[in-house]
Structures are given as structure tokens and as C-alpha cells.
Amino acid sequence: MKKFKRYLVTAALPYANGPVHIGHLAGVYVPADIYVRYLRSKGEDVIYICGSDEHGVPITIKARQEGVSPQDIVDRYHKIIKKAFADFGISFDIYSRTTSKTHYETASEFFKTLYNKGEFIENTTNQYYDNEAGQFLADRYITGTCPHCGNASAYGDQCENCGTSLSATDLINPKSTISGSEPILKETKHWFLPLDKHEEFLKNWILKEHKNWKTNVYGQCKSWLDQGLQPRAVSRDLDWGIPVPVKGAEGKVLYVWFDAPIGYISATKDLTADWEKYWKDKETKMVHFIGKDNIVFHCIVFPAMLKAEGSFILPDNVPANEFLNLEGDKISTSRNWAVWLHEYLEDFPGKEDVLRYVLCANAPETKDNDFTWKDFQARNNNELVAILGNFVNRAMVLTHKYFNGKVPEITSLNEYDKNAIVEIATIKEAIENSLENYRFREALKYAIDLARLGNKYLADTEPWILIKTDENRVKTILNISLQITANLATIMEPFLPHTSKKLEEFLNFQALKWDATGHADLLETGHILNKPSLLFEKIEDEEIEKQLLKLAKTKEQNNPKSINANPQKELISYEDFSKLDIRVGTILEAEKVPKTKKLMKLLIDTGIDKRTVVSGIAEFFEPEKIIGKQVSILVNLEPRKLKGIESQGMILMAENADGKLTFVWPAENIENGAEIK
RNA sequence: GGCGAGGUAGCUCAGCUGGUUAGAGCGCAUGAUUCAUAAUCAUGAGGUCGAGGGUUCAAGUCCCUCUCUCGCUACCA
């Protein structure tokens, strides 16, 4: 393995429109923190960079909803996030933010460099523009009627009623949410980064030179590269963000995905004047810790940016994790389905390391994983309390009892003692090997094995019996037990820093550098120990039930039955209604449209004729089972081609909040062609 | 539908380039033990390795088909 002079470790910038939750922690911040603490302990030159990602449309939306400025929003969450990380013990060297002055300058510079090098292409497109407000509208700022479900308040990028993703120009009767006026289409110029230009380079760099990346990361990249890369817009018409620093770009800002990763660079600048050493020297090893949703940006887009700029190094590895679920369901900020870090810290004071432990032991390294409170409790009680805490307590209590808290001498070592000592070194090496390869859960398991070793050593040597007959032998046994404890203090530090601190206090000793561990001579004979307290305490059922109850309440609130029906749409005249020609028809034929998930091709006898209708119902119905059924069909809707099939009308369906569809059909059989009015 | 990742003991996961009776932790059962937060230590039960084919002397491990879960993507009049 190549030896590097220094390390630059980045953790994904949390988006400042909400607090951080256990999913973020397990996927990114805890593993990155373990990695960095380990490197520091090894004496490596390492910096750990993070900060809030504060630009982008969602933040402006939230600000508008609350009637405050975007700056107010990001100030609020930046503070909460930063404090929660600090309280939790995530040891960033700097936690910066993308609204900082340094970042504005850095991102602008970066853009200008690429611009001057001719690395962008310019493209003019039509976008919705609000004449009254005098600005272009992001998709999210436009509402209108969803062409799919008729929901009158669909957004320009997505209809929240039916979940369809839309493009703003699809909306019927578009309206600006800023002024309420009808937006007009207007030409606007934007800059694009031609990723396709870097495709060959990226293919070679990732597919050939980085076969050692995690399979999920490598596979995802390969998928993108095989599909072929497209130019990506780097600017947007928006008033929140970093102004595009060229003439004729008034009212345009850098697209948030472009400025966010540059945040790593600007944060480094804020940390040290020596920042270029970390970003431009080939002897620096750069590692990005991210979640799987960020793979494309960090493995393809950002490297393409850095490559285009020319003077930067590229990441050596991007150990992306999968997602963490909570009690079987996907974590969701908007549905409040999460364990929020700042709330956890309030509910479980002093138990930072318990969460670190559980999230690392159950980290979604190779596939999505599930966090359950029952597992949280079990890991605390059966592993932290019973194995680690208990061993430390045994060694300490026995030493106080028999030797007044003084580290006894080693009188002589037998084979069994020697084996135990060798085992300490073996475990340490195993942990190193796991950490170097980003296998954090495995590393943690080995770390706990050290405490297991201690428990077994005590159980096998039985000092509480020998003390009656052979005090010298007991001296050796407790010396070794305490040496294991001292090793734990150092080896556990990357994983459980607060626990490591406590162990230092118990032992009245300063944890050593990593390379000094793995031996049985960390504590000197005669060294005086402090009185220990409990390292971990049991978590009782009541506390777990409290958390489960909290989640149950959230679930109740999210229950479709308690979600209010959409408000009534605006009034229409009878004349408007009578324009719709809805008939009863019978399904004569039905077949799935190949290569689609939702589309079904239907032949309908409308009484007027027999016609083809394509409908998005294939997820809920099997073709054979609906043939012969009578349905309601809107027959005078203008035809439209779907997957090459002309659809002549629309089947009326009722849809609930979960998106489940059901047919609307006559209560009793009636002739085809009967009018519905 | 396309692409990617995954489906191994009740639960959470290891199993590298195919090679003797498929592993670990938790949980469970039994025994030992009492220094310790009834903690610990030992032993054991428990798996047709998603399903079905194929290659091979030999497959959890390679190939094909199917199926389920998650993600990206197309589609939803």
C-alpha cells in the first residue's frame, strides 16, 4: 500500500434545512471520525473537514414558508448542527459553512478559473419568469395543476399528491408562488460543465485505477459511466447563492451542487494557511466520507471539476455507506421519522458513546441496515455494560481490594500469560487492518474482543481464589488485567472517545499513541489508580419504551387516515364541467406495456368505438383480472403518445394518499357509452 | 423496463482469487463460577447458503434463468 505524507478527510456537508439524525451519523460522521481519530493516534498529519451546506432552493422555500430570510434558516440549523456534532464528540478540525466569506471567494475563483480555461459550455433555454417579481422561477416556486392527477397545487418539480416528478413546463395553469402571477417563458443563459469531455479520463481513473473501491461505489460509478455522461448546468436563476462571477450573469448564482463540494476547499482555507499542501500535493491522501446518495457527485462530478481546474488532487477513496432505516422504515426528515442527534443527547445525557457504538456496530457498510431501539438496548446492556464495562470494573475492583489500588508487579509469566499478551498485539493489528480498509464494524468487533480477552483471562486464572494461597501469582494476573485495561483506553479512543477519557481517569494515566499499545507494559509497577465508577449503565425497558412511544406517535401522525383530504379546488361553472365527456366502457383487452413498470395498454369498448388507452395502473392490477370490467373513461381528452402507443382517453381512478389506485365503475351494469354526468 | 447493490443460523453480519464436517456476535439451552452493574466463562442446539438449471473431480463462491428487498433511471393523461 502506498504511504502518504498526510491525510485530508472530508465528511459530507450536512444540508442546513434540518438537524442531523442517526442516519447521517452512521453513514458518514461516525466512521469518518473513527478513521480520523485513529490516524491522529498514529501520529499522522490529518485534517478532518466539514461544514454546513447552506445554499439551494429548498432553503429558500423553507424561508419563504416561515416568512424569514434564507440566512435566518441557515443560521438556525448551522448552529444546531454544529453544537450537536461538538457535544457528540465528532472531532472536526473545522466545521465551516458555505455562506462564509472565504467560501464565496473560493467558489467564485474556482468558477472563474474554469470559465477562463474554457471548461464550460454556454446554453440558452426557456425558463419560467415572473414579470412582477422580476426574476426567474425555480421549479419549486411554480405551482399549477398536475397533468397526471389533477391536483391543483402541484410543484414545478414534483406533484406531492401523486408523487410524480414533473418538469415546470408540464404544469397546467402555472402560477408563481412569489407574486401569484402567471409566469412567462423567457430565454436565459446558463453554463454547463461538459462531463462527457472528461468521460475517458474518469473511466480510466475509476474503472481501471480504483478497482479497490467498495463494490457499491464502484458499481454505481460504472453504471453512470456506461450510460454516458451529459453536460450539467452549474448555474441557476436564483437570488440565494454565490453570484456567477462573470459579466452578463446578473441574477444568476452557482448551482448548489457546484459550490457545495468547493466548501471542503474553503473550509480548509479557513483552517490553515497551508491549505494547498492538503489539496495540491500528490502525497496527500484525500478521502471523502459520504452516503450513497452522494456517490455520483463525489466520484464523478467533483473529480471532473477538480481535474478541469487542473491543480488539485483527486480522492484516493470514497467509502460511501448505504442507508440506515429506523424500526423498519426509511428515515425521513419531512415525515419526522428519525432519531435526531440533538434530541438523543438530551434524552440520553452522557451516553454519547453508546450511540457511537451502536451506530458503528450496525453501520450500513454493505447494505441498508435497520436501527431498532431494542437492538440499541441489547448492545448497550450485553456488550458495553456486560463485556467492556464489567471487565474494567473487575480489574479495578480487584486491584483496590487486594493491593490498595496500586499496580502490582509481574512476578513471573507462565505460558498462559504470555499467550494473553501476544493476543493483545494480535487484536491491535487486526483493528489496524480493518480501519485501513474502512471496515469499521469489523474493527469495533475486534476492539471488543480485547475486553472479552480480559474477561476470559480473569475467569481462567481466578485471582479471587488464588489470593488465599498465592498472592504473588495474583500480582501478575492483576498487572496483566490492568495492562489490558490500559490498552483498551488507547485502542477504544477512536471508537469511544468519552469512554477512553473515563478510563484515563480511572487509571490515572494518559492514553498513549496508537503505536505504543499492543504491549503489557503501559502501566508501571506501583502506579496508583483512582477509584473507578461505572463505565456504562444498563438501559432499562422503560427508557426504550419511551422512545418507541415517541415513534408510535409520529407514525400515528403520518397515518394516511389522519392526513387531511386535499382542499377543494376553485369553483368552476357547469359549462366547464359539461365539457368533459365521461362514459362507461368495458375493458376488452389488457396487457402490460413492455419495458415499463406502471403502464398498461387497454382496449376499451366505449359504446362509441373501440379504442386504445394507455394507463398507469400496472402496479396494482393484473391484466387478466380486469378484462370484462366496466370503467369510467374520459373520451374527449386529446390523444397522447406514451411509449410509442397512442392513448385515446383516460381511465378515471380514485387514488389515496399512499398512491393506491382503484377503478371508478358503475354500481350496476349499464350499456357501454352511457354518459357520466 | 434498464442499470447498480443485496438476499448465508431467530436477529445483525463474515465468508479473499471455487477445495476437507459453512463461521462470528447477540438471543436460546445446559453446565461452571461468584471478583464484577444476576455481569462472566465453557459447552451445545439451530442453516436444503432466495428458487431452479448448468460448468467442474469439487460451488455459498463461476455461468444462465427466475424471484424478493433497496437505490439510480425511464415511464404514469
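Above: the structure in question.
Since we're looking at a predicted model, the values are computed, not measured. (Residues numbered from 1 in each chain as written. Chains lettered and ligands numbered in written order. Predicted model: local features only at pLDDT ≥ 70, side-chain atom pairs only at ≥ 80, totals over all residues. Heavy atoms only, no water.)

(A) Region of the structure containing the pattern of salt bridges. If you walk through the whole model with that rule in mind, you get 40 salt bridges. Ionic pairing is found between K83 and D87, a salt bridge with its closest N-O pair at 2.8 Å. Linking K83 with D87, this pair stays in helix 3 (residues 70-88), spanning four residues, or about one helical turn. Relative accessible area serves as the criterion here: at 54%, K83 is assigned to the exposed category. Between K351 and E537 there is a salt bridge, with its nearest N and O atoms 2.9 Å apart. (Salt bridge = Lys/Arg side-chain N within 4 Å of Asp/Glu carboxyl O. Helix = DSSP H or I, 4+ residues; strand = E, 2+ residues; numbered from the N terminus. Buried < 20%, exposed > 50% of the residue type's maximum accessible area, 1.4 Å probe, protein only.)

(B) Molecular detail of the protein's contact with RNA strand B. Around RNA strand B there are 52 residues in total, and K330, N369, L637, R640 and G649 lie nearest to it. The separation between a phosphate oxygen of RNA strand B and a polar side-chain atom of K538 is 2.9 Å. Within the residue set of the surface near RNA strand B, elements represented by two or more residues are helix 6 (215-227), helix 12 (373-403), helix 14 (440-461), strand 19 (610-615) and strand 21 (640-642). Looking at the surface near RNA strand B element by element, the count peaks at ten residues for helix 12. Residue composition of the surface near RNA strand B, by class: 16 nonpolar, 18 polar and 18 charged. (Near = heavy atom within 4 Å. Polar contact = N/O pair within 3.5 Å; in protein donor to acceptor, adjacent residues only side chain to side chain. Nonpolar A, V, L, I, M, F, W, Y, C, P; charged D, E, K, R; others polar.)

(C) Representation of the sheet that holds strand 16 (residues 369-371) within the structure. Strand order in the open sheet formed by three strands is 15-14-16, and the pairing between neighbours is mixed. Pairing within the sheet leaves two strands with one partner each, and these edge strands are strand 15 (329-330) and strand 16. Summarising the sheet, strand 14 (residues 324-326) and strand 15 pair through two bridges and their orientation is antiparallel. Bridge pairing in strand 15 links N325 to K330. (Pairing = 2+ DSSP bridges.)

(D) Local environment of the side chain of E54. By the element assignment, E54 lies in the loop between strand 2 (45-52) and helix 2 (57-66). A polar side-chain atom of E54 sits 2.4 Å from a polar atom in the side chain of T99.

(E) Fine view of the nonpolar core. Judged by nonpolar contacts, the single largest core of 172 residues is most densely connected at Y29, F258, F371, F376 and L388. Each of two domains, domain 1 (119-233) and domain 2 (375-516), supplies a minimum of three residues to this core. What F371 contacts, discounting residues up to four positions off in sequence, is I22, L324, N325, L326, E327, V339, L355, V358, L359, N362 and F376. Ranked by size, the runner-up nonpolar core spans 16 residues in total, among them I587, L602, A618 and V635. (Core = buried A, V, L, I, M, F, W, Y, C linked by side-chain atoms within 4.5 Å. Domains from an automatic or database assignment. Contact = heavy atoms within 4.5 Å.)

(F) Up close: the packing of aromatic side chains. Per the stated rule, a full pass over the model turns up 39 aromatic pairs. Between F110 and F312 the ring centres are 5.8 Å apart and the planes differ by 45°, which places this aromatic pair in the tilted class. With F110 in helix 4 (residues 101-116) and F312 in the loop between helix 9 (295-309) and strand 14, this pair connects stretches of sequence that are 202 residues apart. Residue F110 is classed as buried on the basis of its relative accessible area of 4%. Overall, the relative accessible area of 11% leaves F312 in the buried class. (Phe/Tyr/Trp six-rings, centres within 6.5 Å; stacked < 30°, edge-to-face > 60°.)

(G) Highlighting unusual backbone geometry. Here the phi dihedral of E327 falls at roughly 50°; this positive angle occurs in a residue that is not glycine. As for its placement among the helices and strands, E327 is situated in the loop between strand 14 and strand 15. Look at E327 and you get partly exposed, because its relative accessible area is 26%. Positioned with a positive phi, N404 is a non-glycine residue whose angle comes to about 55°.

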